[in-house]
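Here are the chains, one letter per residue:
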Amino acid sequence: MAAMFRLCVGGTRNLTRTIYTNYCRLNAFSGSAFPVLDGKIDANEEAFKRNVEQYQKYERKISETLAIVKEGGGEKAKLRHVKQNKKVLPRDRIKQLLDEDSERLELMEFTGLEMPYGSVPAAGVISVIGKINGRPCMVVANDATVKGGTLFPISVKKQLRCQEISEHNRIPCIYVVDSGGAFLPLQSEIFPDSNHGGRVFYNEAVMSAQGIHQIAVVCGSCTAGGAYVPTMADEAVIIERIGHVFLAGPPLVQAALGVKISADDLGGAMLHSSVSGCTDYYAETEDEAYKTTRDIVLTLNIPELLEPNKEAEDPVFDAAEIPGLIPIKDQHNMNMYKVLARLVDGSRFHEFKAKFGSTLITGFCHIQGQLAGIIANNGSITDSAASKATHFVQLCNQRDIPMIFLQNTHPSDALYPNHSNGFTAGDTIRAQGRLMAAVSSTNVPKITIVVGNSFGPANFMMAGRSTSPRFVFSWPNSQTGMYSPTDMVKISLQDTADDEMGTLADKLTKKYAFESSAFFSSSRLLDDGIILPQDTRRVLAQCLSVVNYSTYLPQMDKRQTLFRM
């Protein structure tokens, strides 16, 4: 099916739509294949209850942090945005753009919190994947209530990640622009390098050339470099009175030239729609602008996203029980079979090589009717486990089956293999190297969830960020680092004098615990967001529907980007 589809790249869009629709019908499985996993637990067991208690602390922290994120720049800034500037709040803008019944996947919500230069809620950029007239789109909206929409280094990094997700999944990118430009005191971390602000414009051109549609809505300032976001988009909408595009605003023009000029006369909606041609659609109101943008998406000639099969079997076991399965200590001992029984359709799992290399679980399942291959840590990655997983990755690659990695690596995987001689250690390293190569070079989409530990080279073997998975999410309890915090302290203090050991050990333990936490990883954009265990099945279903959509769209040869007049 996939091979036939790729041959039709030069054919008609109707053929594209037909093959994608047929693929979805074939893959919308709701039958009773595969054996049912044993997911039974004793919810009255003391250890289970203690695990749940501990997890409730994580949930409270998630809830409190999300409340901060949703507040954006705070109540005063939001009131000024709405009352004084006569603008719609950014989350309401996204709501107007997306279909009412669209399932929305907000990404990177915790990005920008507790940065060295202060907290920037959601990095001042809200990113959501949702449907517009049935078509999946990545919406990237500046939040001008957060420091006036000023872009910090983490904001640029988030924008680039949004574009990367859009490119990998071949979905249109909609820029809802309302930004004051770069935060000048940190310009050296934003301006000159290959992955700084200019990369946003480079990506717009390259993605347009690949047939990945670029659309901009100017609903605020597009100042300095930000002026190129709408002018490099395939199509741009601008809103009267509130939308402005210029390299330098009125205050800078007056300071440099001594000329007083209004924002509208310098770069307003009427000027750019009727004189400069920098924008294509003039809108009197925000409501009109978002209706126009929805109409533009209808002209893109791409198929609608078919939803995951809603009639698929629910798991036999309750996902709400997963927190009780996460040990307070030594979380690498989590029973991954019990976890899988609460994620997959009907708790059914077709395990591959169950008796061989059992410290890695490999097998096939359905999630909301969508077929996927799963690799899950269940101990240290031995040479036999790595060899099995390499075989399994190749099977999924050959059959065009997307892969899900559930990371919970053993702390010992971060250390040199503990063997009696170099020959057996070499066997393990070679097998692990083959697994890394297979994971890195596979052509099928990868989705990674860090459910526990993500230490050392096992992070790479299990499709960490460096191997370019389509999506990476973390559970709140997860830890990511070169070594476990405990091992990091031991390694750091091995040459420390005894009289300094106590004080340094305490300080380093706190430092490494914080820097390996899910909240640190997510704020620094080392993942695409923190999700609760009980939400994992829903998030995986949404991600699979997007990656399946992209897999069966034509891969265009790079064409010339669209040049504006």
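Our subject is the structure listed above.
Residues numbered from 1 in each chain as written. Predicted model: local features only at pLDDT ≥ 70, side-chain atom pairs only at ≥ 80, totals over all residues. Heavy atoms only, no water.

Enquirer: How should I be thinking about the overall build of the protein in this particular structure?
Expert: On a plain count of helices and strands, the protein comes out with 20 helices and 16 strands. Its C-alpha radius of gyration of 25 Å places the protein within 12% of the 24 Å reference for a compact globule of 565 residues. A burial count over the protein gives 56% of its 565 residues as buried. Accessible surface computed for the protein: about 24500 Å², of which carbon and sulfur atoms make up 54%. The average position of the 57 basic charges and that of the 60 acidic charges among the side chains of the protein differ by 2 Å. (Helix = DSSP H or I, 4+ residues; strand = E, 2+ residues; numbered from the N terminus. Rg over C-alpha atoms; globule rule 2.2 N^0.38 Å. Buried < 20%, exposed > 50% of the residue type's maximum accessible area, 1.4 Å probe, protein only. Areas by Shrake-Rupley, 256 points an atom, 1.4 Å probe, with all protein chains shown as cover. Lys, Arg positive; Asp, Glu negative; His and termini not counted. Charge placed at Lys NZ, Arg CZ, Asp CG, Glu CD.)

Enquirer: For this particular structure, what's the right way to read the side chain of Arg93?
Expert: Relative to the elements of secondary structure, Arg93 occurs in helix H5 (residues 90–97). Side-chain polar atoms of Arg93 contact the side chain of Tyr290, separated by 3.2 Å. With sequence-adjacent residues up to four places away left out, Arg93 is seen in contact with His81, Lys87, Val88, Val176, Asp178, Cys219, Ile242, Glu286 and Tyr290. (Polar contact = N/O pair within 3.5 Å; in protein donor to acceptor, adjacent residues only side chain to side chain. Contact = heavy atoms within 4.5 Å.)

Enquirer: Whenever I open this one, the packing of aromatic side chains confuses me. Can you help?
Expert: Summed over the entire model, instances satisfying the criterion amount to nine aromatic pairs. Ring centres of Tyr55 and Tyr58 lie 5.3 Å apart, and the angle between their planes is 55°; this geometry places the pair in the tilted category. Of the two residues, Tyr55 and Tyr58 are both situated in helix H3 (residues 46–71); the distance of three residues between them amounts to about one turn of the helix. For Tyr55, a relative accessible area of 2% gives the class buried. Exposure remark for Tyr58: the relative accessible area of 24% places this residue in the partly exposed category. With centroids separated by 5.8 Å and ring planes inclined at 35°, the aromatic side chains of Phe352 and Phe392 adopt a geometry described as tilted. With Phe352 in the loop between strand E9 (350–351) and strand E10 (360–367) and Phe392 in helix H14 (residues 383–399), this residue pair connects regions lying 40 residues apart in the sequence. (Phe/Tyr/Trp six-rings, centres within 6.5 Å; stacked < 30°, edge-to-face > 60°.)

Enquirer: Which parts of the structure should I look at to understand the pairing of strand E3 (residues 135–142)?
Expert: Successive residues of a regular strand alternate their side chains across the two faces of the sheet. Buried residues dominate E3, accounting for eight of its eight residues. Neither face of E3 is left uncovered, since the one carrying Arg135, Cys137, Val139 and Ala141 and the one carrying Pro136, Met138, Val140 and Asn142 both have all their residues buried. As consecutive antiparallel partners, strand E2 (residues 125–132) and E3 are separated by two residues, and within that stretch Asn133 has a phi angle of approximately 50°, a positive value. Two elements, E3 and strand E4 (residues 173–179), share four bridges in a ladder whose sense is parallel. By the bridge assignment for E4, Val139 is matched with Ile174. Handedness of the crossover is the feature at issue here: the chain leaves E3, passes through helix H6 (residues 153–169), returns alongside E4, and the resulting connection is right-handed. (Pairing = 2+ DSSP bridges. Right-handed = clockwise from strand over helix to strand, strands pointing away.)

Enquirer: I keep staring at the packing of H6 against helix H7 (residues 198–209) and nothing clicks. Help me out?
Expert: The contact between H6 and H7 brings their axes to 10 Å, and the two run at 15°. In terms of orientation, H6 and H7 fall into the roughly parallel class. For H6 against H7, the interelement crossing comes out left-handed. Between H6 and H7, the contacting residues are Gln159, Leu160, Gln163, Ser166 and Glu167 on the first element and Arg199, Val200, Asn203, Glu204, Val206 and Met207 on the second. (Axes fitted to C-alpha atoms, helices over the stretch in contact; angles between N-to-C directions. Parallel < 35°, antiparallel > 145°, perpendicular 65-115°, else oblique. Left-handed = near helix turned anticlockwise from the far one by under 90°.)

Enquirer: When you look at helix H4 (residues 75–84) in this model, what are you seeing that I'm missing?
Expert: Helical geometry: 3.6 residues make up each α-helical turn, so side chains three or four residues apart lie on a common side. Where H4 is concerned, the buried positions are Ala77, Lys78 and His81. For H4, the buried positions fall inside an angular range of 100° around the axis, keeping them on one side. Residues Lys76, Lys83 and Gln84 are exposed on H4 and point more than 90 degrees away from its buried face. For H4, the secondary structure elements touched by its buried residues are H3, H5 and E4. The first or second residue beyond H4 is Lys86, which carries a positive phi of 55°. (Arc of directions from axis to C-beta.)

Enquirer: Could you clarify how one ought to interpret the nonpolar core in this entry?
Expert: Soluble globular proteins: nonpolar side chains tend toward being buried together. Ranked by size, the top nonpolar core spans 103 residues in total, and within it Leu406 and Trp475 carry the most contacts. If one sorts the elements of this core by residue count, helix H20 (residues 536–551) sits on top with eight residues. Counting residues in hydrophobic clusters, the runner-up holds 24 residues, among them Ile381, Ile401, Met403 and Val439. (Core = buried A, V, L, I, M, F, W, Y, C linked by side-chain atoms within 4.5 Å.)

Enquirer: Which parts of the structure should I look at to understand the state of the cysteines?
Expert: A covalent bond between the sulfur atoms of two cysteines is what we call a disulfide. What the rule picks out here adds up to zero disulfides. Cys222 provides the cysteine sulfur closest to Cys219, a residue in no disulfide bond, and the two sulfurs are 8.0 Å apart. Lacking any disulfide linkage, Cys365 is separated from the closest cysteine sulfur, that of Cys396, by 9.8 Å. With a relative accessible area of 0%, Cys365 lands in the buried category. (Disulfide = S-S within 2.5 Å.)

Enquirer: Looking at this structure, I do not really get the packing of H5 against helix H12 (residues 286–298). What am I missing?
Expert: Between two packed helices, what matters for the description is the angle formed by their axes and the separation of those axes. Interhelical geometry of H5 versus H12 gives an angle of 45° and a closest axis separation of 9 Å. Judged by the inter-axis angle, H5 sits oblique to H12. At the point where H5 passes H12, the crossing takes the right-handed sense. Contact residues: H5 offers Arg93, Gln96 and Leu97, while H12 offers Glu286, Asp287, Tyr290, Thr293 and Arg294. Residue composition of the contact of H5 with H12, by class: two nonpolar, two polar and four charged. (Nonpolar A, V, L, I, M, F, W, Y, C, P; charged D, E, K, R; others polar.)

Enquirer: Help me understand the pattern of salt bridges, please; the structure alone is not making it clear to me.
Expert: Should their charged atoms come close, side chains of opposite charge can pair. As enumerated under the stated definition, the model contains 19 salt bridges in all. Across the pair Arg342 and Glu321 runs a salt bridge whose closest N-O atoms are separated by 2.9 Å. Here the residue Arg342 occupies a position in the loop between helix H13 (336–340) and E9, and Glu321 occupies one in the loop between H12 and H13, the gap between them amounting to 21 residues. For Arg342, a relative accessible area of 1% gives the class buried. A salt bridge links Arg430 to Asp427, with the shortest nitrogen-to-oxygen separation between them at 2.5 Å. Of the two residues, Arg430 and Asp427 both sit in helix H15 (residues 422–441), three residues apart, roughly one turn of that helix. Among the charged side chains, a salt-bridge network with shared partners connects Lys70, Arg91, Glu106 and Glu109. (Salt bridge = Lys/Arg side-chain N within 4 Å of Asp/Glu carboxyl O.)

Enquirer: How do you make sense of unusual backbone geometry when you look at a structure like this?
Expert: Leaving glycine aside, a negative phi is the common case for residues, and trans is the common case for peptide bonds. Notably, Phe34 is not glycine yet its phi reads approximately 75°, a positive angle. Inspection of the secondary structure assignment puts Phe34 in the loop between helix H2 (13–27) and H3. At Met108, a position not held by glycine, the phi torsion is positive, near 60°. Looking at the element boundaries, Met108 is found in the loop between strand E1 (105–107) and E2.

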